[in-house]
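One-letter residues, chain by chain:
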Amino acid sequence: MSKEITWTQEKKTSFQEDLLTWYRLEKRDLPWRESTDPYRVWVSEIMLQQTQVVTVIPYFNRFMEWFPTIEALANANEDKLLKAWEGLGYYSRVRNMQHAAKEIVKTFDGKMPNKIEDILSLKGVGPYTGGAIGSIAFSLPEPAIDGNVMRVYSRLFCLADDIALPKTRKVFDRYVRDTMSQSEPGDFNQALMDLGATICTPTKPSCETCPIQAYCEAKKTNTISKYPVKKKKEKAKPLYYVADILQNDTGAFLLEKRPSDGLLADMWTFPMREVTKKDYDRFSQIYDSHDVSTGMVAEQLNLYDEVENIKDKNLLGIVTHIFSHRKWHILVVQDKLNGLKDTHLTNQKWVYLDEFPQYVFPKPQQKMVELLKKSMNN
DNA sequence: AATTCGGGGCA
DNA sequence: TGCCCAGAATT
């Protein structure tokens, strides 16, 4: 079924040397490369999942200050932990990491285990991250196959397997395992990542400066642009919401904690409710056609009866936010009367503006707060 | 095997 | 806009 690897041992060796030589010369200077301490490698690899290097750097430095050791992570306060991750996304990553840290303290004497099976047993550590930790921290000859590596190898061997399919990772595993450096697996894996990030890029790769162009089948056959093969993703499904900004007579705002599972678990937002696209459109069209810098009252537009749920509200603005699989459209409204409304829901809380930084806000909420602050300055 | 998890960088 | 990013867990 899949192609055989036809490289001689001599070719493999010289390929590895060319790649490693380039890496020693050109490798990026990154905070987590100051050492190969397993904890630092682990934290960086988790943060780097589906996240670009430039985004991770400040988060990584702060995280290491706040939680310098595995034990510190295991014992960390949950709110502080989530706060350290605020804005980074995929929040289950940090919950899983603490779960794993506790496991390491309990089962592995507080030290990252050095056997690949044990590393892979940790919550949140999959084939990629396990290979990265194993190879970089413990020099285990394990591949670390991510999007970069699949792109590089798909071109190197003209592999047309759809890299969006789960089973394709096994194909690449075989190729990388068979061609990687056994003596310096950590540098080899990191070299592939750097190559994918700086030379063998998705569009317009710099083949002229590529240290392994002589080995590249796609370069030889002038088919670079055909690789990697990847099925297109579904578009994000649009969802429509109204968010209420309510303020009590002491000036505090009502916040609501999201459920413990699902999207943005345990994070705080203004109370939101889903509305139909029809209701959303009606109101947002009106919004588009008017100056909203001073806010607008639906009531004044005789839409009182047409726009259910949002009458009596001042529209502060619209927040949109794109996740990987859905797109939120949020009408942000404020009760036009500074109401004396109260709440008895346990997942809600009255919070003053200057206390907001103590709460973990996902991006859409941060955007809504910006709208609120802007309106308060007018 | 398909879906569900955020958010930003960049043409 | 659409694509990609040092992916893993859940269903």
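The preceding data block contains the structure.
Residues numbered from 1 in each chain as written. Chains lettered and ligands numbered in written order. Predicted model: local features only at pLDDT ≥ 70, side-chain atom pairs only at ≥ 80, totals over all residues. Heavy atoms only, no water.

### Points about the overall build of chain A
Convention followed: Secondary structure elements follow DSSP: runs of H or I of four or more residues count as helices, runs of E of two or more count as strands, with numbering from the N terminus. Per-residue accessibility, obtained with a 1.4 Å probe over protein chains only, is compared with the maximum for each type, and a residue is labelled buried under 20%, exposed over 50%, and partly exposed between these values. All accessibility values rest on the Shrake-Rupley procedure with a 1.4 Å probe; residue burial counts only the protein chains present in the view.
Counting secondary structure elements, chain A contains 14 helices and eight strands. In chain A, buried positions account for 50% of the 378 residues. A total accessible area of about 19800 Å² is found for chain A, and carbon and sulfur atoms account for 49% of it.

### Observations concerning the protein's contact with DNA strand C
How we decide: For this description, a residue counts as near a given molecule or strand if any of its non-hydrogen atoms is within 4 Å of it. Polar contacts, as used here, are pairs of N or O atoms within 3.5 Å; protein pairs need one atom able to donate a hydrogen and one able to accept it. Residues neighboring in sequence count only if both atoms are side-chain atoms. Each residue is assigned to one of three groups, with Ala, Val, Leu, Ile, Met, Phe, Trp, Tyr, Cys and Pro labelled nonpolar, Asp, Glu, Lys and Arg labelled charged, and all others, Gly among them, labelled polar.
Of all residues adjacent to DNA strand C, which total 28 residues, the nearest are Gly124, Tyr128, Asp146, Asn148 and Arg151. Between DNA strand C and Gly126, the relevant distance is 3.1 Å, taken from a phosphate oxygen to a main-chain nitrogen or oxygen of the residue. At 2.6 Å from a phosphate oxygen of DNA strand C is found a side-chain nitrogen or oxygen belonging to Asn148. Those elements that place two or more of their residues in the surface near DNA strand C are helix H8 (127-138) and helix H9 (147-156). When the residues that make up the surface near DNA strand C are grouped by side-chain class, the tally is 10 nonpolar, nine polar and nine charged.

### Overview of unusual backbone geometry
With omega at -5°, the peptide bond leading from Tyr227 into Pro228 counts as cis. Of note in the backbone geometry, Leu264 takes a positive phi value of approximately 55° without being a glycine. Looking at the secondary structure, you find Leu264 in the loop between strand S2 (253-257) and strand S3 (268-269).

### Some points on the protein's contact with DNA strand B
Taken together, 21 residues lie around DNA strand B, and Thr51, Tyr90, Tyr91, Leu264 and Lys363 are the ones closest in. The contact atoms of DNA strand B, taken as those within 4 Å of the protein, divide so that sugar and phosphate hold 60%. Between a phosphate oxygen of DNA strand B and a main-chain N or O atom of Leu263, the distance comes to 3.3 Å. Leu264 places a main-chain nitrogen or oxygen 2.4 Å from a phosphate oxygen of DNA strand B. Of the residues in the surface near DNA strand B, the class split is 10 nonpolar, nine polar and two charged.

### A short note on the environment of Gln182
Selection criterion: In this description, contact between two residues means that some pair of their heavy atoms is separated by no more than 4.5 Å.
Along the polypeptide, Gln182 turns up in the loop between helix H10 (168-179) and helix H11 (185-198). Once the C-alpha coordinates of Gln182 and Glu142 are considered, the two residues, 40 residues apart in sequence, prove to be 8.7 Å apart. Sequence-distant contacts of Gln182, that is, excluding residues within four places in its chain, are made with Pro141 and Arg177. Within the local environment of Gln182, its side chain forms a polar contact with the backbone oxygen of Met180, the two atoms lying 3.3 Å apart.

### Details of the pattern of salt bridges
Formally: By definition here, a salt bridge exists when the distance from a side-chain nitrogen of Lys or Arg to a carboxyl oxygen of Asp or Glu is within 4 Å.
Counted by the stated rule, this structure contains 15 salt bridges. A salt bridge links Asp173 to Arg169; its shortest N-O distance comes to 3.9 Å. Placement of the pair is Asp173 and Arg169 together in helix H10, with a separation of four residues, close to one helical turn. You can call Asp173 buried: its relative accessible area is 16%.

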